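Descriptive structure summary
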Amino acid sequence: MYRTLSFRLETEEWMNHFLDKKMAVSCRVCNLLVADMLKKLKKREESEEYIKACELYKTQDKDSMKQARELFKKVDKDLGFSKYQFMSAIVKYRQYYGCWIGSTEAQALASRVWSVFERYLYKDGKKVRFFRRRDFNAIVNYNMKTGITFDGENITFSHRGAKRKGLSIPVRISNGYEREMIACNKVVTVTIKRNVCRRHKMYWAQLTFNCENPVYKYDSDGVVIDRVGEGNVNVTVGNDSVFIEDDNGYKTSITLAEGIEIATEKRKKLNRKMDSSRRSTNPENYNDDKTIKERKDQKPWKFSNRYKRLRNDYGETYRKECETRKIRHYELISKIMKHGNVYNLYVEDYKSSQMADGEIIANRSPATFVELFKSKVGIEGGTINIVKVGAA
């Protein structure tokens, strides 16, 4: 059983610069690997074996399709499209930044890039894009012996050749539950995350524990909080609500992310003010019918100080909205898990419902609820059976 907890890092200004640089370099290394693999991807699509495999696959004959799959595998193997070959390929890019990225961190970056290509090659990915520096806000280490490690009180950056070798950043331990988790269980993964809160960058250490010795939260009466029940529970997740039914005859319908409308309305107002400010300072970039001109006809955009303040407020409001939605989802999941430990989860195709109920789905996020529910059940050791409603 694994459990993840987040701890605030007590950083100074120069530590923030170090972490920013480390994430920027990690993003750069990922993009170098993406560029290399995109060239190979083009070779893959132009190769004779790949074209032949595509033609065989279109015949819809079982034997031909089987032969096509074997050809696809051969082409991918020859060009290096596998997780382990990505890990080997990233070594030559990492060597230029050895003072900033440890070897184990580089392997995690290669896995991250491979997940993007895997989705494009074998799943529902439509396009491979480069990583944007402003959105690259996490670095991971899966090896607790080197690189980014945790010693019980501090996060230490100890990869070989680091300019700040031995740098330690204290973590903020807020309560006894966190202290007991650290004392009783082994840390298997460390993730350094960055987010913007109240216009300031904040850094967190996300620690994943191998919970061989489970630690529970207790209320004032000594009763375990959020203890998992026993029995079967039917959970039907709609676009905006969840229907729950257990073996004891308990039935109820609960609205997803209740109370999120207030933050959503505030964000919409800020968006309208931003649009008004942007139009008034950049009239040359708009047509007579108030639509934005094509990119080739646009002049450099200018943003006023008012617009920048509104943009910061928008980002903070959006962050609070996302955090509130996630908290509401977890509260609902905890309520459901008290009714049993075997869950029949009935889900819909929310993507196909976006045309009709796009705003409702965006506010309530039923797909996110399903993912969080599956993750929570996996952590607590329950059983989940997923049934797709409306599927053939």
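The preceding data block contains the structure.
In this text, all values refer to a predicted model and were calculated from it rather than measured experimentally.

1. Brief notes about the nonpolar core
- Judged by nonpolar contacts, the single largest core of 55 residues is most densely connected at Leu33, Phe86, Phe117, Ile155, Ile192, Leu207 and Phe209.
- Among the elements that take part in this core, helix α1 (residues 13-46) stands out by supplying twelve residues, more than any other.
- Sequence-distant contacts of Phe86, defined by excluding residues within four places in its chain, comprise Leu33, Met37, Gly80, Phe81, Ala110, Val113, Trp114 and Phe117.
- Counting residues in each nonpolar core, the second largest holds 21 residues, with Val242, Ile254, Leu256 and Leu332 among its members.

2. A few points about the pattern of salt bridges
- Per the stated rule, a full pass over the model turns up 25 salt bridges.
- When the shortest N-O distance is used, the salt bridge between Arg44 and Asp76 registers 2.6 Å. Of the two residues, Arg44 is situated in helix α1 and Asp76 in helix α3 (residues 62-79); the sequence distance between them amounts to 32 residues.
- Since its relative accessible area comes to 6%, Arg44 is described here as buried.

3. Here's the deal with unusual backbone geometry
- Unlike most non-glycine residues, Gln60 shows phi in positive territory, near 65°.
- Turning to its location among the elements, Gln60 is positioned in the loop between α2 (48-58) and α3.
- For Gln60, a relative accessible area of 56% puts it in the exposed group.
- A positive phi angle, near 75°, is found at Lys290, a position not held by glycine.
- Summarising the element assignment, Lys290 is placed in the loop between α8 (261-281) and α9 (305-337).

4. Some remarks on the sheet that holds strand β11 (residues 342-347)
- The sheet built from five strands is open, its strands ordered β10-β9-β8-β11-β12 with mixed pairing. Taken across any chain shown, the strands that pair with only one partner, and hence form the sheet edges, are β10 (251-255) and β12 (383-388). Shown here is a sheet whose adjacent strand axes are inclined to one another by a mean of 20°, direction ignored.
- When strand β9 (residues 241-246) meets β10, the two strands line up antiparallel, connected through five bridges. Bridge pairing links Ser241 to Thr255 in β10.
- The strands that α9 touches are β8 (232-237), β9, β10 and β11; relative to β9, the one it contacts most, it runs at about 15°.

Calculation rules
Residue indices begin from 1 for each chain and proceed along its sequence in written order. In view of the model being predicted, local features appear only for residues whose pLDDT reaches at least 70, and side-chain atom pairs are presented and counted only at 80 or more, with totals across whole chains, interfaces and linings using the full set of residues. To obtain the side-chain values, all non-hydrogen atoms of the structure were used and water was disregarded. Among the buried residues, those of types Ala, Val, Leu, Ile, Met, Phe, Trp, Tyr and Cys that are joined through side-chain atoms within 4.5 Å form a nonpolar core. Three labels apply to residues, based on accessible area from a 1.4 Å probe with only protein chains included: buried if under 20% of the type maximum, exposed if over 50%, partly exposed otherwise in between. Numbering goes from the N terminus for both helices and strands, where a helix is a DSSP run of H or I of at least four residues and a strand is a run of E of at least two. Pairs of residues are marked as contacts when any of their non-hydrogen atoms sit within 4.5 Å. Salt bridges are defined by distance alone: a side-chain nitrogen of Lys or Arg within 4 Å of a carboxyl oxygen of Asp or Glu. Strand pairing is assigned whenever DSSP identifies at least 2 bridges connecting the two strands. Here the axes come from fitting lines to C-alpha atoms, over the contacting stretch only for helices, and the angles between their N-to-C directions go from 0 to 180 degrees.

Interpretation in functional terms is not warranted from these geometric data alone.
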